[in-house]
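Observations on chain architecture
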Amino acid sequence: MNSVKKRRRAVVDPSACVACGCCVKVCPLQAIEVVRGITAQVRQEKCVGCGKCARECPASVIVIREVEA
Amino acid sequence: MRKHWYDNLWIVSLLYLLLGFFNILFAWLGLLCFFIPLFIAVAGGTKGYCNRYCGRGQLFSLLGGRFGLSRRRDIPGWMKSKAFRYGFLVFFFAMFFLMLWNTYLVFAGAQDLGQAVTLLWTFRLPWNWAYHGTLFHPGVAQFAFGFYSVMLTSTVLGLITMVLFKPRSWCVYCPMGTMTQLICRAKNGRA
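Since this is a predicted model, take the numbers as computed values, not measurements.

A word on the pairing of strand 2 (residues 123–126) of chain B. All names here are of chain B. Where strand 1 (residues 116–119) meets strand 2, 4 bridges bridge the pair, whose relative direction is antiparallel. By the bridge assignment for strand 2, alanine 116 is matched with proline 126. Counting the residues in the hairpin turn of strand 1 and strand 2 gives 3 residues, including leucine 120, whose phi is positive at 55°.

The structure is reproduced here in structure tokens:
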């Protein structure tokens, strides 16, 4: 039986991110931040993959992916 | 999510647009939306203005989000491409300098004051009701008309893309946002 635990996480495409910070405002866990005005970055240890940031992102550059925990 | 004082700056943006209907000289206040983001980017190396204080973004967020005036679809790929964003920045600034040139012509006495607001760089709307003379040179009013045209045009574009795509779609191609991101890149290196 496969016992690998999977968790959902937000993943940002840094090359397309406009660093507007819309995602930061909606994140209930403060798990995403805009780093040095260039791109948003997800704090992997905090993110639970709820998808609020992905829905809010005006450029739609955030996706929710399943990653191995 | 904790509310901060700056989460209410959409009121200032709305007030700014309304004031332009009563006295065009209030348009000068809009320069704050140019200098504050630039100052934060140059001095602090962040997009703090976009991230926290942009009242226009908050206004779109409110209208498109809470008021549901947005289809909430993905913005087309070309609109978030670097080519479009940088192209729009260049176009926007070309139009901005054209506006400054017109202001200069009025200051130099080579052109009369045009009491009109130009929407989408094309449509001249009579706006004489908002002009009651100025203590200063007519050129001061010419700049106000020109600057208010820039602000109103970008608001209208932002509202259109808010309805068609996501609430803050304007942020994707906002010239100030693009410019401050470029400044942050230059300052901080490619993170």
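Here we come to the UniProt feature "transmembrane region" (unreviewed entry) in chain B. Residues and elements named next belong to chain B. Feature annotation in UniProt assigns "transmembrane region" (unreviewed entry) to the following positions: residues 15–42, 83–104 and 145–165. Helix makes up 68% of residues 15–42 and strand 0%, with an end-to-end C-alpha separation of 28 Å. In this annotation, residues 145–165 is assigned 95% helix and 0% strand; the end-to-end C-alpha distance for the span is 30 Å.

To characterise two packed helices, one gives the angle between the axes of the helices and the distance between these axes. All names here are of chain B. Running from N to C, helix 2 (residues 32–44) and helix 8 (residues 175–188) cross one another at 15°; their axes reach a closest spacing of 9 Å. Looking at the two axes, helix 2 sits roughly parallel to helix 8. The two elements helix 2 and helix 8 meet at a crossing, and its hand is right-handed. Between helix 2, through Cys33, Phe34, Pro37, Leu38, Ala41, Val42, Ala43 and Gly44, and helix 8, the contact on the second element is made entirely by Met176, Met179, Thr180, Ile183, Cys184 and Lys187.

This part covers the state of the cysteines. One covalent bond between the sulfur atoms of two cysteine residues makes up a disulfide. Residues and elements named next belong to chain A. Enumeration over the complete set of coordinates arrives at 0 disulfides over all chains. Cysteine 50 takes part in no disulfide bond, and the closest cysteine sulfur, belonging to cysteine 53, lies 6.2 Å away. For cysteine 50, a relative accessible area of 41% corresponds to the partly exposed category. Sulfur of cysteine 57: no disulfide; nearest cysteine sulfur belongs to cysteine 20 and is 6.2 Å away. What makes cysteine 57 buried here is its relative accessible area of 8%.

The rules behind each value
- Residues numbered from 1 in each chain as written.
- Chains lettered and ligands numbered in written order.
- Predicted model: local features only at pLDDT ≥ 70, side-chain atom pairs only at ≥ 80, totals over all residues.
- Heavy atoms only, no water.
- Pairing = 2+ DSSP bridges.
- Helix = DSSP H or I, 4+ residues; strand = E, 2+ residues; numbered from the N terminus.
- UniProt positions renumbered as here; feature names shortened; annotations may be inferred.
- Axes fitted to C-alpha atoms, helices over the stretch in contact; angles between N-to-C directions.
- Parallel < 35°, antiparallel > 145°, perpendicular 65-115°, else oblique.
- Left-handed = near helix turned anticlockwise from the far one by under 90°.
- Contact = heavy atoms within 4.5 Å.
- Disulfide = S-S within 2.5 Å.
- Buried < 20%, exposed > 50% of the residue type's maximum accessible area, 1.4 Å probe, protein only.

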